[in-house]
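# Breakdown of the fold
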Amino acid sequence: MHQDHAPPVRVMPRIFLIGAILTSIVAGCSPPPTMPENPLGPNFAVTNVPPGYIRVGGDYTCETVTTDPGYYYFNEQLQRDIWVVATVQTGCTWVDYYAPSGTEVPPNWDPQDPNFNPGGGGSTPPPPPPPPPPPADTCATTTDSRGVLAVRSMVDSLVAAYNSSHSANPRKEVGGYIQRLNGELKFVRVEGAAGTSNCRFYYPSLTLDVSTLVAWFHTHPFTPNERYLCAGAEETYLPGLTGGGSESDWVYANSISKPVYVIDAKDIYRLEYGVDQDDWADNPYRWKRQNGACPVNNS
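All of the points below concern the structure found in this document. Model, not experiment: these values are computed from the prediction.

## Details of the sheet that holds strand 14 (residues 296-297)
With respect to topology, seven strands assemble into an open sheet ordered 7-6-8-11-12-13-14, the strand pairing being mixed. In this open sheet, the two strands that pair with only one neighbour each are strand 7 (184-190) and strand 14. Across five bridges, the pairing between strand 6 (residues 175-181) and strand 8 (residues 213-219) is antiparallel. Looking across to strand 8, one finds that Gly176 is bridged to Phe217. The sheet contacts of helix 1 (residues 152-167) involve strand 6, strand 7, strand 8, strand 11 (260-263) and strand 12 (267-271), and relative to strand 7 the element is tilted by about 10 degrees.

## Regarding the layout of surface pockets
Over the atoms a probe the size of a water molecule is rolled, and this reveals where empty space is left. A volume near 470 Å³ is recorded for the largest pocket. Around the largest pocket, the lining comprises 25 residues; the ones closest to its centre are Cys199, Arg200, His220, Ser246 and Asp249. Mapped onto the lining of the largest pocket, the elements with two or more residues apiece are strand 10 (233-236) and helix 2 (247-256). Top contributing element to the lining of the largest pocket by residue count: helix 2, with four residues.

## Side note on the nonpolar core
Across soluble globular proteins, nonpolar side chains show a tendency to be buried alongside one another. The biggest cluster of nonpolar side chains holds 22 residues, and the ones touching the most others in it are Val148, Leu149 and Ile178. Listing elements by their share of this core, those giving two or more residues are helix 1, strand 7, strand 8 and strand 11. No other element matches helix 1, which puts six residues into this core. If we ignore the near neighbours within four places in the chain, the residues touching Leu149 are Cys139, Thr142, Asp144, Val155, Leu158, Tyr261, Ile268, Trp287 and Pro295. In terms of nonpolar packing, the next biggest core, distinct from the first, is built from 14 residues, Tyr203, Trp250, Leu271 and Trp280 among them.

## Overview of a negative patch on the surface
A grouping of Asp276, Asp278, Asp279 and Asp282 is seen on the molecular surface, where their side chains present a negatively charged patch. With respect to the helices, strands and loops of the structure, Asp279 is situated in the loop between strand 12 and strand 13 (286-288). Assessed through its relative accessible area of 41%, Asp279 is described here as partly exposed.

## So, the packing of aromatic side chains
Taken as a whole, this structure holds nine aromatic pairs when the rule is applied. Arranged with centres 6.0 Å apart and planes meeting at 80 degrees, the rings of Trp216 and Tyr252 form a pair that is edge-to-face. Remark: Tyr252 occurs in helix 2 and Trp216 occurs in strand 8; sequence separation between them is 36 residues. The class of Trp216 is buried, set by a relative accessible area of 7%. Relative to Tyr228, the ring of Phe222 lies with its centre 4.1 Å away and its plane at 20 degrees, an arrangement referred to as stacked. Three or more aromatic residues joined by ring pairs form one cluster here, namely Tyr177, Phe201, Tyr203, Trp216 and Tyr252. One cation-aromatic arrangement involves Arg270 over Tyr285; the distance from NZ or CZ to the ring centre is 3.9 Å.

## Quick notes on the side chain of Glu173
Within the secondary structure, Glu173 sits in the loop between helix 1 and strand 6. With no salt bridge to any partner, buried Glu173 finds its closest opposite charge in Arg200, at an N-O distance of 6.2 Å. Among the polar contacts listed, one links the side chain of Glu173 to the backbone nitrogen of Arg200, at a separation of 3.4 Å. In this structure the side chain of Glu173 is engaged in a polar contact, spanning 3.2 Å, whose partner is the backbone nitrogen of Phe201. Sequence-distant contacts of Glu173, defined by excluding residues within four places in its chain, comprise Ser165, Thr196, Ser197, Asn198, Cys199, Arg200, Phe201, His218, Thr219, His220 and Pro221.

## A look at the environment of Pro259
Within the element layout of this structure, Pro259 appears in the loop between helix 2 and strand 11. Taking C-alpha positions, Pro259 is 5.9 Å from Tyr273, a pair spaced 14 residues apart along the chain. The contact partners of Pro259, leaving out residues within four places of it in the chain, are Arg146, Val214, Ala215, Trp216, Arg270, Leu271, Glu272 and Tyr273.

## Considering helix 1
When the terminal C-alpha atoms of helix 1 are compared, their 22 Å separation across 16 residues agrees well with the 22 Å that a helix rising 1.5 Å per residue should span. Of the residues making up helix 1, those classed as buried are Met154, Val155, Leu158, Val159, Ala161, Tyr162 and Ser165. With its buried residues spanning 155 degrees around the axis, helix 1 presents them on a single face. Packed against the buried residues of helix 1 are strand 6, strand 7, strand 8, strand 11 and strand 12.

Cut-off values and rules
- Residues numbered from 1 in each chain as written.
- Predicted model: local features only at pLDDT ≥ 70, side-chain atom pairs only at ≥ 80, totals over all residues.
- Heavy atoms only, no water.
- Pairing = 2+ DSSP bridges.
- Helix = DSSP H or I, 4+ residues; strand = E, 2+ residues; numbered from the N terminus.
- Contact = heavy atoms within 4.5 Å.
- Axes fitted to C-alpha atoms, helices over the stretch in contact; angles between N-to-C directions.
- 1 Å grid on protein atoms, 1.4 Å probe; cavity = no way out; pocket = protein on both sides within 12 Å on 5 of 7 lines; lining within 4 Å.
- Points joined across faces, edges and corners; volume = space filled by probe spheres on them.
- Core = buried A, V, L, I, M, F, W, Y, C linked by side-chain atoms within 4.5 Å.
- Buried < 20%, exposed > 50% of the residue type's maximum accessible area, 1.4 Å probe, protein only.
- Patch = residues over 30% accessible without salt bridge, like charges linked within 9 Å, V, L, I, M, F, W, Y side chains within 5 Å.
- Areas by Shrake-Rupley, 256 points an atom, 1.4 Å probe, with all protein chains shown as cover.
- Salt bridge = Lys/Arg side-chain N within 4 Å of Asp/Glu carboxyl O.
- Lys, Arg positive; Asp, Glu negative; His and termini not counted.
- Charge placed at Lys NZ, Arg CZ, Asp CG, Glu CD.
- Phe/Tyr/Trp six-rings, centres within 6.5 Å; stacked < 30°, edge-to-face > 60°.
- Lys NZ or Arg CZ within 6 Å of the ring centre and 35° of its normal.
- Polar contact = N/O pair within 3.5 Å; in protein donor to acceptor, adjacent residues only side chain to side chain.
- Expected span 1.5 Å × (residues − 1).
- Arc of directions from axis to C-beta.

Now the structure itself:
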């Protein structure tokens, strides 16, 4: 158990202290020249020393301290948690220091001065553990034959595009495209062409290598059943009626012969090209969004 207390001697915080009152009165005591054994005997309070700790030194100071169940402190020299046992007398205190067995303690180690540099020796702290690896850039449980939603960075980028779209004042659809370059997917937002609004995204004229183009995307900054104004007319957002895309979205996918991903507040849809209008509502490519996690396959 680690606790913070005021140390009985000038040491770093986080010390463990065990105290006992001596029956004799000591007046005007002064520190012994070296480190004699504890006046109560070498086995004083050893039952309270952590397993595997051994005595590495002691101090004598004439300060009044109160008894305490014990505490640790981290010693910079030894780079270890040091366990301290204090024997309290009237006006004077004896302190025993315990370190983990195997700690290399230099002969001139001064436990009262945690900043004292012994100039060699001491325990070399182990190197810090390596940082944990970054999370894998994969959504292995998300099934997307186009591969876009199986890549976590693509999912996060789509969600970020939606957040930008929804938080804009006024709301405005955001869009762009996804390429595969050197074997990796690249997510690119583009500025909507004239006429882009909260209910329409017009892709600008771009010069792209079609062989690298995987898909287009844009946002619908609404929640299903939300009422909104589009070109002055009040409408209700009902993506399920047309498989997640508007009529113009499906027409666009057919015109460019590339899929279009659409993301709204609840779902991500993929509109494939070549789909008959009668089948739009039955679009099977729909995934439920999850905040900070991979999308869930449509069941």
